[in-house]
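# Residue-level structural notes
These are the residues of each chain, in order.
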Amino acid sequence: MELEPGIHQLTFGREPIPGIPPPNAYLVVGSKASLLIDCGFDEEADHQERMAYLQQAGGPPVTELLLTHRHQDHAGGAALLANATGVSITCHILERKAIEGDRPAGRAEVFSTFEGGESQNLGGLTVQIVHTPGHTLGSVSLFIPERNALFTADTVLGVTTSIVRPSEGDLGLYVESLEALQALNTRVIYPGHGGPITDPASRIRMLLDHRLRREEALLEALANGPGTIKALREAVYTNLPAGREKLAEEQVQSGLNKLVKEGRAALRDGNYTLA
Ligand SMILES: [Zn+2]
């Protein structure tokens, strides 16, 4: 659907995790070029819907697919789209290996990479790439100054907080990225899941407060004595739904990594303690 002139939201497929809406892709149509931001899952039904939408959207044909980050619900369909349309795939340099590595041999290939700070003039609409590491190290957000509009993918979600896995993200960088996006003071955020966020300042403030509260809870648990990841998870995440233990422990690990990096916690003999 067209959200505002030249900016379309395309939502495809299933919920990636129960309770999280299906992923959004966005089509930005300028007078000279059109850009597709993300493309949803690697599913044939989603691919057919994507193709049908692009064919009726009007404007210059899409020649580039910009992937905000490596996850399958955003980048999975890239190969199908590239094979069908010849669109070239671009992503942050830190995501390239994960995006290409996730695919069977002989499928989509990343055509070019960026580092953040680049911009593209589509004709009437400029897309500026903002490196916002944290959810993954090469996650990016996209800013359209003519509209004061921001696409945040999984860095800012309207419906839930973002996952920061220690294996592919960094909580300290994530908090810095939220602060950088806060400073942009945009009119609207178009997130990677869920509908437009029309009060970006208060949404980002809430996400920063949430991280601060989790960090305080973690510091409080550490103040009660040294603990393993599991013990700290049990102290910090009470009332955790069944089956979410691993995910919660990853968040605890990310929180501990941040505190260790800042010199506020330390790992000794398998237990984390206050530094
Ligand atoms: Zn993601």
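Reading the values: the criteria
Residues numbered from 1 in each chain as written. Predicted model: local features only at pLDDT ≥ 70, side-chain atom pairs only at ≥ 80, totals over all residues. Heavy atoms only, no water. Donors = N, O, S within 2.8 Å, 3.2 Å for Na, K, Ca; no water. Tetrahedral: all angles 85-135°; square planar, octahedral: opposite > 155°, others 65-115°. Buried < 20%, exposed > 50% of the residue type's maximum accessible area, 1.4 Å probe, protein only. Helix = DSSP H or I, 4+ residues; strand = E, 2+ residues; numbered from the N terminus. Expected span 1.5 Å × (residues − 1). Contact = heavy atoms within 4.5 Å. Pairing = 2+ DSSP bridges. Axes fitted to C-alpha atoms, helices over the stretch in contact; angles between N-to-C directions. Phe/Tyr/Trp six-rings, centres within 6.5 Å; stacked < 30°, edge-to-face > 60°. Lys NZ or Arg CZ within 6 Å of the ring centre and 35° of its normal. Core = buried A, V, L, I, M, F, W, Y, C linked by side-chain atoms within 4.5 Å.

## Concerning the coordination of the zinc ion
Each protein donor to the zinc ion is listed here as His 69 (NE2), His 71 (ND1), His 135 (NE2) and Asp 154 (OD); together their distances run 2.1 to 2.2 Å. What the four donor atoms of the zinc ion show is an angle range of 89 to 164° at the metal, which sorts the shape as irregular. For the zinc ion, all donor residues lie on one chain, and their spacing in sequence is H-x1-H-x63-H-x18-D. In this pair, the class of His 69 matches that of His 71, namely buried.

## Quick notes on helix α6 (residues 200-223)
For α6, which comprises 24 residues, the first-to-last C-alpha distance of 35 Å matches the rise-based estimate of 34 Å (1.5 Å per residue) to within 8%. Buried within α6 are the following residues: Pro 200, Arg 203, Ile 204, Leu 207, Leu 208, His 210, Arg 211, Glu 215, Leu 218, Ala 221 and Leu 222. On its buried face, α6 is in contact with α5 (171-184), β12 (188-191), α7 (229-236), α8 (245-261), β13 (265-268) and β14 (271-274). In the stretch just after α6, Gly 225 is the one whose phi turns positive, near 135°.

## Focus on the sheet that holds strand β3 (residues 24-29)
Pairing between the strands of a sheet comes from backbone hydrogen bonds, and it takes one of two forms, parallel or antiparallel. If you walk across this open sheet you meet the seven strands as β1-β2-β3-β4-β5-β6-β7, and the pairing is mixed. Across the chains shown, the open sheet's two edge strands, defined by having one partner strand only, are β1 (2-4) and β7 (110-114). Taken over all neighbouring pairs, the strand axes of this sheet differ in orientation by 25° on average, direction set aside. One ladder, built from four bridges, connects β3 with strand β4 (residues 34-37); its direction is antiparallel. Note that in β4 the partner of Leu 27 across the bridge is Leu 36. The strands touched by helix α3 (residues 78-85) within the sheet are β4, β5 (62-67) and β6 (88-92), with β5 carrying the most contacts at an inclination of about 165°.

## Some points on the packing of aromatic side chains
Tallied over the entire structure, the rule returns three aromatic pairs. Where Tyr 26 meets Tyr 190, the ring centres are 5.8 Å apart and the plane angle is 35°; that geometry is what we call tilted. Of the two residues, Tyr 26 is situated in strand β3 and Tyr 190 in strand β12; the sequence distance between them amounts to 164 residues. We classify Tyr 26 as buried; its relative accessible area is 2%. Lying over the aromatic face of Phe 41, Arg 14 brings its terminal NZ or CZ to 4.1 Å of the ring centre. Positioned above the aromatic ring of Phe 12, the side-chain terminus of Arg 50 is 5.9 Å from the ring centre.

## Section: the nonpolar core
Ranked by size, the top nonpolar core spans 22 residues in total, and within it Leu 27, Leu 65 and Leu 67 carry the most contacts. Those elements that provide at least two residues to this core are β3, α1 (44-56), β5, α3 and β6. Once you skip the residues sitting within four places of it in the chain, Leu 27 turns out to touch Gly 6, Ile 7, His 8, Leu 10, Ser 34, Leu 35, Leu 36, Tyr 53, Leu 54, Ala 57 and Val 62. Residues Tyr 26, Val 28, Leu 122 and Ala 149 belong to the second largest nonpolar core, which totals 18 residues.

## Notes on the pairing of β6
By the criterion of burial, β6 is predominantly enclosed, with five of the five residues buried. Note: β5 against β6, four bridges, orientation parallel. Its bridge partner lying in β6, Leu 67 is registered against Cys 91. Alignment of β6 against β7, held across four bridges, turns out to be parallel.

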